[in-house]
Amino acid sequence: MKTKMLSLLFICSTIVSYTFAQMPNYDGEPLEYDDSYVRKKVGDALVSGLAEISGIACSRVTPGYLWAQGDDNYKIRAMKPDGTFVFTFLLDGARSRDWEDLCGGVYEGIYYIFVGIFGDNGLSMKDNYYIYYFEEPEIVVDSTLVVPMNSIKFGYPDGVAHNAETLMYDNVEQMLYVVDKYDNSDAMGVVYTLPFRTDYNSDSLQILKEECKLGNGANFMNPTGGDISPDGQHVLIKNEGFTLIWHREGEESIAETLTRRPKQVKAYKREAQGEAIAWLDSITFYTTSDVGSGDADIYMYTKKTPDALENVVAVSSQEPCKVLDLNSHKVRVHHGNKVYSLLGNVIE
């Protein structure tokens, strides 16, 4: 009897230890789960079409497609969520550097794509990082297009080199967010901002503003991707092992949101070299991997029930958002005196 009891205790302690090992430590404590998402494999991105996918963004000009960018291909391709590549464009004047993330956003009624040229494993590119941006082109199947682009050259406020793989844009603040891979037990990453404008001189150095450090990650280190939902209400930051989620409260900035404890997306499973993540709307997002040597699985995560949309909380003290069109994923989102759709456009 004693032997059986000891065996049972050993099994239970092993299960508990394993469970805690699967939950990221954040400031010394395991995180709570967000179990509201369901994960489904929807496709395979063929390595022959684009190797080492490190950034994706959902198209707004041609809905139903994903933009994808690789580390070393120096081109951007459009693909269906099933992984079928249909369109390619090259950036006129782009530098052959470590392209690490891709995101999209609306500014003055125009939808832009942003590319983070800021990977720096050797920490040798001080004050020589770039964000490329350009108006999102319409996807024309089976064609290639050269797209004129603009660039923002930037450095960090401490004046030293950093290695980053996460670029996000907030439609509400019209703010770019960079999260570096802070290789230190002091934090799992540091959050920096740069207000987006279209009049930056491409030859002038812009200095990012340090906003906050993410919590001590322990087994959540080196963030490799992130995205802010088009309505500005939800933030995802991931590495290959975990995806964390934050929810904006009131009219706070995203930087303020990120100072609170996140939750772990329970449906997310480890993706080897998992670097790419993108919101479609406020209830759906995609992930895929920078596998390099093989085809990359593409996963879609959705809220478990459609009626979850009806409980979306407004970003101010105004009345809760109302569903306008479920099929088009349009929801009214209040912020100050503006009302945004899930595509990030001001609709009133």
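How each quantity is defined
- Residues numbered from 1 in each chain as written.
- Predicted model: local features only at pLDDT ≥ 70, side-chain atom pairs only at ≥ 80, totals over all residues.
- Heavy atoms only, no water.
- Helix = DSSP H or I, 4+ residues; strand = E, 2+ residues; numbered from the N terminus.
- Buried < 20%, exposed > 50% of the residue type's maximum accessible area, 1.4 Å probe, protein only.
- Contact = heavy atoms within 4.5 Å.
- Pairing = 2+ DSSP bridges.
- Axes fitted to C-alpha atoms, helices over the stretch in contact; angles between N-to-C directions.
- Phe/Tyr/Trp six-rings, centres within 6.5 Å; stacked < 30°, edge-to-face > 60°.
- Lys NZ or Arg CZ within 6 Å of the ring centre and 35° of its normal.

## Quick notes on the environment of proline 223
Here proline 223 is to be found in the loop between strand 18 (209–213) and strand 19 (225–228). Owing to a relative accessible area of 0%, proline 223 belongs among the buried residues under this scheme. The spacing of proline 223 and methionine 188 is 35 residues in sequence and 7.2 Å in space, taken between C-alpha atoms. With sequence-adjacent residues up to four places away left out, proline 223 is seen in contact with Glu165, Thr166, Val179, Asp180, Lys181, Met188, Gly189, Ile237, Lys238 and Asn239.

## Some thoughts on the sheet that holds strand 8 (residues 85–92)
Strand order in the open sheet formed by 5 strands is 5-6-7-8-12, with mixed pairing between adjacent strands. Each edge of the open sheet carries a strand with a single partner, namely strand 5 (53–58) and strand 12 (143–148). Taken pair by pair, the neighbouring strands of this sheet meet at an average axis angle of 25 degrees, ignoring direction. Pairing of strand 5 with strand 6 (residues 66–70) involves 5 bridges; the strand directions are antiparallel. Within strand 6, the residue paired with isoleucine 56 across the bridge is alanine 68.

## With respect to the packing of aromatic side chains
Throughout the structure, instances matching the rule amount to 24 aromatic pairs. The interplanar angle of 35 degrees and the centroid separation of 5.7 Å between the aromatic rings of tyrosine 129 and phenylalanine 154 together place this pair among those described as tilted. Of this pair, tyrosine 129 sits in strand 11 (residues 129–135) while phenylalanine 154 sits in strand 13 (residues 150–155); the two residues are 25 residues apart in sequence, bridging distant segments of the chain. Taken as a pair, tyrosine 129 and phenylalanine 154 share a single burial class, namely buried. Where phenylalanine 285 meets tyrosine 301, the ring centres are 4.6 Å apart and the plane angle is 5 degrees; that geometry is what we call stacked. Placement of the pair is phenylalanine 285 in strand 24 (residues 284–289) and tyrosine 301 in strand 25 (residues 296–303), with a sequence separation of 16 residues. In this structure an aromatic cluster arises from ring pairing among Tyr107, Tyr112, Phe114, Tyr133, Tyr169 and Phe196. Seen from the ring of tyrosine 200, arginine 197 lies directly overhead, with NZ or CZ sitting 4.2 Å from the centre.

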